[in-house]
Amino acid sequence: MKPVDAERRKDSGLLVGGPGGWRGLVIRHPSIHLGRYCFQPGWSMTLLTLVLVSLLVMLGFWQLARAEAKVQLIDRYEKNSALPAVDLNAGDLNGQQLDYRFAAADGEYRDAPFILLNNQIYQGRVGFHLLNLFRLAESDQYLLINQGWVPATAEGKPMITASRFNLYNNQKVQGMLVPVPRVGLRLGELRYQPDAPVMELPYLDLSWLGQVLHVDLQSSVLLQDAQLVGQYRQQRETLWLDPERHRGYALQWFSLALALVIIYLVTNLKRPDSS
């Protein structure tokens, strides 16, 4: 093959070398001439900008998705909480959307164990939620009943009277059905001692609880205490961010992405005679 002129190879921006043949590849920065200006970004700057802009746009769409999910959640809460109370003894209700429905059921409490859900805050104080297993009448299904909040002592022990443990058979319970609280970071270990009358848990896992206690648990928890229902309403207003706030966060991410693109364009647009 006839050697290509070295200077021509250099000017083409593709190859370097002399009469000895090919020596390597030269990757030149792309350039676009716009009148008296030349747009010539570096490869590293272009790659970094693409990565950051993609990340910011993804965060924006993630916030939009959260806003839509929050709209659906609030809508379901408002609609279901306004419906008449559902009878939990009326057959298998696991397939129905019962979250935030008021409900009533006949049945009996299981004697043990009582469940204490720790690190529950009420009016600035740390305490526990007291939960019990309730067997639906003429059924093998159980419902987890949240009977309310109890304060903790300075040593972290529940301040609970013996009367709270006095449960009777053939009772009727009523309250609001709510989903099990989601846990972002599961700290602590779920432990079960078969002979222990009280089980203290750092968080609720109905699947694990059903396995160790050998019961078929409903997928929702019944807030039996009227104070708990009111507290849950307050938490809904404070913890469930308004969808507009999520849309505002999305606008911030999209604005940052646009600003980054503008900075990228401006910093790489120069006059050819400027160095």
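Treat the numbers as computed from the prediction; the structure is a model and nothing was measured.

Some points on the pairing of strand 8 (residues 125-136)
For a regular strand, side-chain orientation follows a simple rule: the groups alternate between the two sheet faces.
Consideration 1: With respect to burial, strand 8 is a largely interior element, nine of its 12 residues being buried.
Consideration 2: Between strand 7 (residues 114-122) and strand 8, which pair antiparallel one after the other, the connecting turn spans two residues, and Gln123 there sits at a positive phi close to 50 degrees.
Consideration 3: Two strands pair when backbone bridges link them, and strand 8 and strand 9 (residues 141-151) are joined in this way by nine bridges, in the antiparallel orientation. If you follow Leu130 over to strand 9, its bridge partner there is Gly148.
Consideration 4: Where strand 8 hands over to strand 9, the hairpin turn is made up of four residues, of which Glu138 adopts a positive phi near 55 degrees.

Describing the packing of aromatic side chains
Consideration 1: Going through the model one piece at a time under the given rule, you end up with three aromatic pairs.
Consideration 2: When the ring of Phe61 is compared with that of Phe254, the centres are 5.2 Å apart and the planes differ by 75 degrees; the resulting orientation is edge-to-face. On the criterion of sequence distance, the pair formed by Phe61 in helix 2 (residues 43-81) and Phe254 in helix 5 (residues 243-267) is long-range, its members being 193 residues apart.
Consideration 3: Judged by relative accessible area, which is 27%, Phe254 ranks as partly exposed.

Remarks on helix 3 (residues 206-213)
Consideration 1: The element helix 3 is largely enclosed, with a buried count of six among its eight residues.
Consideration 2: If you check which residues of helix 3 are buried, you get Leu206, Trp208, Leu209, Gly210, Val212 and Leu213.
Consideration 3: Buried residues in helix 3 make contact with strand 7, strand 8, strand 9, strand 11 (198-201) and strand 12 (216-223).
Consideration 4: Among the residues trailing helix 3, His214 stands out with phi positive, at a value near 60 degrees.

Observations regarding unusual backbone geometry
Consideration 1: Backbone geometry places Asn119, a non-glycine residue, at a positive phi of 60 degrees.
Consideration 2: For Asn119, a relative accessible area of 58% gives the class exposed.
Consideration 3: One non-glycine residue, His214, lies in the positive phi region at around 60 degrees.
Consideration 4: When you line up the elements, His214 lands in the loop between helix 3 and strand 12.

Notes on the side chain of His129
Consideration 1: Looking at the secondary structure, you find His129 in strand 8.
Consideration 2: In this structure the side chain of His129 is engaged in a polar contact, spanning 3.3 Å, whose partner is the side chain of Asn146.

So, the nonpolar core
Consideration 1: Core analysis: the largest hydrophobic core is formed by 25 residues, its most contacted members being Leu144, Leu201 and Leu209.
Consideration 2: Breaking this core down by element, the ones donating at least two residues are helix 2, strand 7, strand 8, strand 9, strand 10 (171-179), strand 11, helix 3 and strand 12.
Consideration 3: If you tally residues by element for this core, the top one is helix 3, at five residues.
Consideration 4: Discounting residues that sit within four places of it in the chain, Leu144 has contacts with Ile115, Leu131, Asn132, Leu133, Leu204, Leu206, Leu209, Leu217, Ser220, Val221 and Leu222.

Calculation notes
- Residues numbered from 1 in each chain as written.
- Predicted model: local features only at pLDDT ≥ 70, side-chain atom pairs only at ≥ 80, totals over all residues.
- Heavy atoms only, no water.
- Buried < 20%, exposed > 50% of the residue type's maximum accessible area, 1.4 Å probe, protein only.
- Helix = DSSP H or I, 4+ residues; strand = E, 2+ residues; numbered from the N terminus.
- Pairing = 2+ DSSP bridges.
- Phe/Tyr/Trp six-rings, centres within 6.5 Å; stacked < 30°, edge-to-face > 60°.
- Contact = heavy atoms within 4.5 Å.
- Polar contact = N/O pair within 3.5 Å; in protein donor to acceptor, adjacent residues only side chain to side chain.
- Core = buried A, V, L, I, M, F, W, Y, C linked by side-chain atoms within 4.5 Å.

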